[in-house]
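Residue-level listing of the chains:
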Amino acid sequence: MYYCTYKSKIGLLYIISDGINLCGCYLEGQKYFPKDLSNYIFNDSLEILNKCKAWLDKYFNGEETNLEDIPIKFQGTQFRKDVWSIIMEIPHGELVTYKFISEKIAKDRCLKTMSSQAVGGTVGHNPILIFIPCHRVIGANGSLTGYAAGIEVKKFLLNLENNNNSY
């Protein structure tokens, strides 16, 4: 595994790759920061990591971004992969609720219900901040509940995407 760092408007990001795919993006000091990072090789010249840094440049400059050129490798249970895939579909500047995701998972799996708490736990353990835009997931009542990188960071990202300070 390889990593590089990226100085962003929210702090130092650690971008992790297996050499081909994006596998992680963490804010320094966030909840669930990888404990084994010292086992990874620092390399800021890998093509995939440079693509990720260029993508982040565009994102933080408020430009349109897409992930077509960035292969992402989800690492987790099928449930987590399903939740993260739904989150990736949330358009820039839009929001969905944990309930929306749980209802979509229930429908896709032909279940009567799905726990919003289970979805929330998965959203909170998103290993690829910003690229998998879990900051766009909010509580059913519109509240900005939880974010592994902190509520202030979540507010900053939402305001960046909406060109305002309404959060």
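Throughout this document, residue positions are counted from 1 along each chain, in the order its sequence is written. The predicted nature of this model means local features are confined to residues of pLDDT at least 70 and side-chain atom pairs, given and counted, to a pLDDT of 80 or more, with totals for whole chains, interfaces and linings taken over all residues. The basis for the side-chain values is all heavy atoms of the structure; hydrogens and waters are excluded.

(A) Highlighting the packing of aromatic side chains. Only Phe, Tyr and Trp rings take part, Trp by its six-membered ring, and two of them pair if their centres are within 6.5 Å. Stacked means planes under 30 degrees apart, edge-to-face means over 60, and tilted covers everything else. If you walk through the whole model with that rule in mind, you get nine aromatic pairs. Taking 6.0 Å as the distance between ring centres and 70° as the angle between the ring planes, the aromatic pair formed by Tyr26 and Phe33 counts as edge-to-face. Judged by relative accessible area, which is 12%, Tyr26 ranks as buried. The cut-offs for exposure are 20% and 50% of the maximum accessible area for each residue type, with area from a 1.4 Å probe on protein chains only; residues under the lower value are buried, those over the upper are exposed, and the others partly exposed.

(B) Structural context of the nonpolar core. Ranked by size, the top nonpolar core spans 43 residues in total, and within it Phe60, Ile87 and Ile130 carry the most contacts. For this core, the secondary structure elements donating two or more residues are strand S1 (2–8), strand S2 (11–17), strand S3 (22–27), helix H1 (47–60), helix H2 (78–88), helix H3 (98–108), helix H4 (116–124) and helix H5 (151–162). Each helix is a run of DSSP H or I of at least 4 residues and each strand a run of E of at least 2, with the numbering of both proceeding from the N terminus. The element contributing the most residues to this core is H1, with seven residues. A contact between two residues is defined here by any heavy atoms of the two lying within 4.5 Å. Excluding anything up to four places from it in sequence, Ile130 contacts Ile10, Leu13, Trp55, Leu56, Tyr59, Phe60, His135 and Leu157. Working definition of a nonpolar core: buried Ala, Val, Leu, Ile, Met, Phe, Trp, Tyr and Cys residues. They are joined through side-chain atoms within 4.5 Å. Judged by nonpolar contacts, the second largest core, of seven residues, contains Tyr14, Cys23, Tyr26 and Leu37.

(C) Representation of H2 within the structure. Listed as buried for H2 are Phe79, Val83, Trp84, Ile86 and Ile87. For H2, the angular spread of buried residues about the axis comes to 155°, placing them on one side. Residues of H2 that are buried sit in contact with H3, H4 and strand S6 (137–138). For this quantity, the arc is that covered by the directions from the helix axis to the C-beta atoms.

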